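# Descriptive analysis of the structure
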Amino acid sequence: MKPRTPFIAANWKMHSAPAGWDSEHSPFHPQPEVDVVVFPSMLDLPSCTTSDCTVGAQYGRPEKDGAFTGDVSMAMLQAHGSQYVLCGHSERRQHHHESDEYIAEQVSAAIDAGLTPILCIGETADERELRQAEEVIQRQLQTVINVISSKLKAENCFLIVAYEPVWAIGNGKTASAKDAQDMHAFIRSLLPPALRAHIRIIYGGSVKPTNAAALIAEPDIDGFLVGASSLHLEEFQAIINGAL
Ligand code: PGA
């Protein structure tokens, strides 16, 4: 029995809903032992929110409204049924040049709008090679914590951290369970003491049924953010089953 309820998220990125997905009868309806959340594309969000699964958005803009062509606000996401939002995914840091400061604004706005943010942090291959991984993680996390610490309460923890080493995303390379556990323990040690036992820290980066069991067995790994494997419903279900 894990000390925190496992959290397993499907990040469909810019892919259509997986083959066999039936939003009327999603296999991922809420259950007490595990939180399962689907992050579809913006266009698939409405059909997924009318199903019985819990959904989140892959992105939201911090401002409440305004002249931001193409964007949606956190409040809009919340009003249309999202309960979670990804903030700072490495693909957005890279392709949309999102800074730590901008991501902190997003996380703060998400909490204000009643969403639970999933803050994604992770080092690149070069940073790991140069032994800067911990420094990068600390900077990415601390910039956000500084902005939102007054909003976080132990009894109602509106934050999930996703450790996603950039070098492990989308390429089949996973951090070993030990390396991931070491980084998760380090991340936990950086959290405000009153929140350490409550905040869920999930792992992302080529999670699949064959490596999920070893990862989830680690004490500080509270679940997964799954990309490629979540596009195959049986694989994703096997990952969920392994966390039960
Ligand atoms: P992956 O993606 O599982 O395909 O590596 C994870 C992610 O980007 O969140």
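Structure report, in brief. Predicted model, so just to flag it, every value in this text is computed and none were measured.

## Examining the overall build of the protein
The helix and strand tally for the protein stands at nine helices and eight strands. Computed over the C-alpha atoms, the radius of gyration of the protein is 17 Å, within 12% of the 18 Å expected from 2.2 N^0.38 for a compact globule of 244 residues. With 244 residues in all, the protein has 53% of them scored as buried. For the protein, restricting intrachain contacts to residue pairs at least 6 apart in sequence, the fraction spanning at least 24 positions comes to 72%. For the protein, the accessible surface area stands at approximately 11200 Å², while carbon and sulfur atoms represent 53% of it.

## A closer look at helix α9 (residues 233–243)
Among the residues making up α9, those that are buried are Leu233, Phe236, Ile239, Ile240 and Ala243. For α9, the angular spread of the buried residues around the axis is 125°, confining them to a single face. Packed against the buried residues of α9 are β1 (7–11), β2 (35–39), α8 (209–216) and β8 (223–226).

## Re the pairing of β8
Residues of β8 alternate between two faces, with Gly223 and Leu225 on one and Phe224 and Val226 on the opposite face, all of them buried. With four bridges connecting them, β1 and β8 associate as parallel partners. Residue pairing across strands places isoleucine 8 opposite phenylalanine 224, the latter belonging to β8. Both strand β7 (residues 200–204) and β8 contribute to a ladder of two bridges, which runs parallel. Its bridge partner being in β8, tyrosine 203 is matched across the sheet by phenylalanine 224. Viewed along the sheet, the connection from β7 through α8 into β8 turns out right-handed.

About the cut-offs
- Residues numbered from 1 in each chain as written.
- Predicted model: local features only at pLDDT ≥ 70, side-chain atom pairs only at ≥ 80, totals over all residues.
- Heavy atoms only, no water.
- Helix = DSSP H or I, 4+ residues; strand = E, 2+ residues; numbered from the N terminus.
- Rg over C-alpha atoms; globule rule 2.2 N^0.38 Å.
- Buried < 20%, exposed > 50% of the residue type's maximum accessible area, 1.4 Å probe, protein only.
- Contact = heavy atoms within 4.5 Å.
- Areas by Shrake-Rupley, 256 points an atom, 1.4 Å probe, with all protein chains shown as cover.
- Arc of directions from axis to C-beta.
- Pairing = 2+ DSSP bridges.
- Right-handed = clockwise from strand over helix to strand, strands pointing away.

Note that all results are geometric; they support no functional claim without further evidence.
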